[in-house]
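Read off the chains here:
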Amino acid sequence: MDLNRIRLGILGIINEVINYLLKGNTSSKVIGVGASGDVTKEFDKISEDIIVKGVRSVFNDNVLIVSEELGARRYGDIKWVVIIDPVDGSTNYDVGIPWVAVSIGVARYRRDGTRVKDEVLAVVADVFRRTTYEYYNGEVLIDGFKAIRLRRPKNVVFGYFEKPEAYDIIPAYWRIRGSKAALRSLGSVALEMIYVGLGRAEALVDLRAKIRNVDIAAAYRIAHTLGTRASLCDGTPLEDFPIDDLLSVKCLLAGYDAMVLNKLINAYKLIKRSNY
């Protein structure tokens with residue numbers, strides 16, 4: 001199957017979802033619970049339905065689709081894996097905060113396990129800005145033009161903290177780093193991963209065990225190509241994380257490059273030692 005044809009199909013699907021989300025009369029009614037265990041709102045489900053219908057058409061029903069609402073759903077003779085997040089930043093979208101993404105990653109199915117590094121196409125779209133980030137043919141494109149990465153990252157760290165102890169890694173990182181950096185928590189981990197890739201931030205940390213592979217699979221394929229390096233807190237490279245099932249990413253560390261990631265890992269080790 002021609003990859004460019006797949007790419008054009010995926011871009012069309014994402015544009016359809018964005019048009020739906022921005023039309024102004026979507027519903028936030030809770031209609032159930034998704035495979036992830038989170039509540040499903042009507043706009044989540046309709047966005048997913050648009051993507052699933054489109055993906056099944058693009059791949060002639062020979063596809064495994066992984067999504068937060070659907071779980072892992074097999075169609076026909078599986079040749080491809082497509083991992084999707086129809087609305088990354090659902091809370092932001094619901095309250096009108098313009099920091100929301102649609103993500104789709106595409107990989108050829110591997111019987112021995114399909115992983116982030118197997119993605120041959122990845123697309124993340126900023127819904128409100130209508131900006132599209134792509135990994136395609138070994139390059140990263142922004143709205144079809146080659147992405148330019150800052151040579152030095154901005155002094156910004158993205159993080160998610162729901163318990164006081166989850167914040168401990170930040171002062172530990174600052175000690176290792178030698179100075180403080182601005183801290184931001186914006187609500188769409190896919191877009192934040194992209195920004196780390198572009199050098200608009202230097203790091204992303206999430207110790208909540210709440211994000212899933214659907215949230216970051218496509219975004220990390222893009223960011224990794226730009227030079228970002230990420231891992232679980234035990235040091236397992238994020239590029240080796242499976243994408244052929246819906247799985248939790250229990251502890252995420254991502255840095256502008258390997259040097260920043262190493263500092264984050266050392267900061268995590270430091271707080272773990274101090275807690276025992």
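The rules behind the values
- Residues numbered from 1 in each chain as written.
- Predicted model: local features only at pLDDT ≥ 70, side-chain atom pairs only at ≥ 80, totals over all residues.
- Heavy atoms only, no water.
- Helix = DSSP H or I, 4+ residues; strand = E, 2+ residues; numbered from the N terminus.
- Rg over C-alpha atoms; globule rule 2.2 N^0.38 Å.
- Buried < 20%, exposed > 50% of the residue type's maximum accessible area, 1.4 Å probe, protein only.
- Lys, Arg positive; Asp, Glu negative; His and termini not counted.
- Charge placed at Lys NZ, Arg CZ, Asp CG, Glu CD.
- Pairing = 2+ DSSP bridges.
- Phe/Tyr/Trp six-rings, centres within 6.5 Å; stacked < 30°, edge-to-face > 60°.
- Lys NZ or Arg CZ within 6 Å of the ring centre and 35° of its normal.
- Disulfide = S-S within 2.5 Å.
- Axes fitted to C-alpha atoms, helices over the stretch in contact; angles between N-to-C directions.
- Contact = heavy atoms within 4.5 Å.
- Polar contact = N/O pair within 3.5 Å; in protein donor to acceptor, adjacent residues only side chain to side chain.

A. Representation of the overall build of the protein chain within the structure. A count of helical and extended segments in the protein chain gives seven helices and 15 strands. Taking 276 residues into account, the globule formula puts the C-alpha radius of gyration at 19 Å, and the protein chain, at 18 Å, falls close to it. Taken along its principal axes, the extent of the C-alpha atoms in the protein chain is 50 × 40 × 35 Å. For the protein chain, the proportion of its 276 residues judged to be buried stands at 55%. Placing the 39 positive and 34 negative side-chain charges of the protein chain at their respective mean positions leaves the two points 5 Å apart.

B. Structural context of the sheet that holds strand β7 (residues 119-126). Strand order in this open sheet of eight strands is β4-β3-β5-β6-β7-β8-β9-β10, and the pairing throughout is mixed. Every interior strand has two partners, whereas the edge strands, β4 (71-75) and β10 (145-146), have only one. The pairing of strand β6 (residues 101-108) with β7 spans seven bridges and is antiparallel. Considered in β7, the bridge of Val102 is made with Ala125.

C. Local environment of the packing of aromatic side chains. A full pass over the atoms with the stated rule returns five aromatic pairs. Between the aromatic rings of Trp99 and Tyr195, the centroid separation amounts to 5.1 Å while the plane-to-plane angle is 85°, which identifies the pairing as edge-to-face. Taken as a pair, Trp99 in the loop between α3 (90-95) and β6 and Tyr195 in helix α5 (residues 189-198) lie far apart in primary sequence, 96 residues in all. Tyr195 carries the same exposure label as Trp99, and that label is buried. Plain terms: the ring middles of Phe161 and Tyr167 are 5.6 Å apart, the flat faces sit at 80° to each other, and that makes the pair edge-to-face. Stacked on the ring of Tyr136, the Lys or Arg Arg7 has its end atom at 4.9 Å from the ring centre.

D. Structural detail: the side chain of Asn92. Counting through the fold element by element, Asn92 comes out in helix α3. The class for Asn92 is buried, based on a relative accessible area of 8%.

E. Structural view of the state of the cysteines. As enumerated under the stated definition, the model contains one disulfide in all. Each sulfur in the disulfide pair Cys233 and Cys251 lies 1.6 Å from the other. Looking down the S-S bond of the Cys233 and Cys251 bridge, the torsion is -55°, so its handedness is left-handed. Here Cys233, found in the loop between β14 (229-232) and β15 (252-255), pairs with Cys251, found in the loop between β14 and β15; they are 18 residues apart in sequence, far enough to count as distant. Comparing Cys233 with Cys251, the two get one shared label, buried.

F. Highlighting the sheet that holds β15. Read across the sheet, five strands follow the order β12-β11-β13-β15-β14 without closing on themselves; strand pairing throughout is mixed. The outermost strands of the open sheet, each flanked by one partner alone, are β12 (182-184) and β14. Put simply, the sheet's adjacent strands are angled 15° from each other on average, direction ignored. Judged from the four bridges that link them, β14 and β15 form a sheet pairing that is antiparallel. Residue Arg229 lies in a different strand from β15, and its bridge partner there is Gly255.

G. Main features of the environment of Asn155. Structurally, Asn155 can be placed in the loop between β10 and β11 (156-160). Taking the C-alpha atoms as reference points, Asn155 and Arg200, separated by 45 residues in sequence, lie 8.2 Å from one another. When near neighbours in sequence (up to four residues on either side) are disregarded, Asn155 contacts Arg177, Ala181, Ala182 and Glu202. At 2.9 Å, the side chain of Asn155 and the side chain of Arg177 are in polar contact.

H. Broad picture of unusual backbone geometry. The phi dihedral of Asn60 falls on the positive side, at around 50°, and the residue is not glycine. Relative to the elements of secondary structure, Asn60 occurs in the loop between α2 (42-58) and β3 (63-67). Residue Arg130 is not a glycine yet carries a positive backbone phi of 50°. Of note, Arg130 is situated in the loop between β7 and β8 (131-136).

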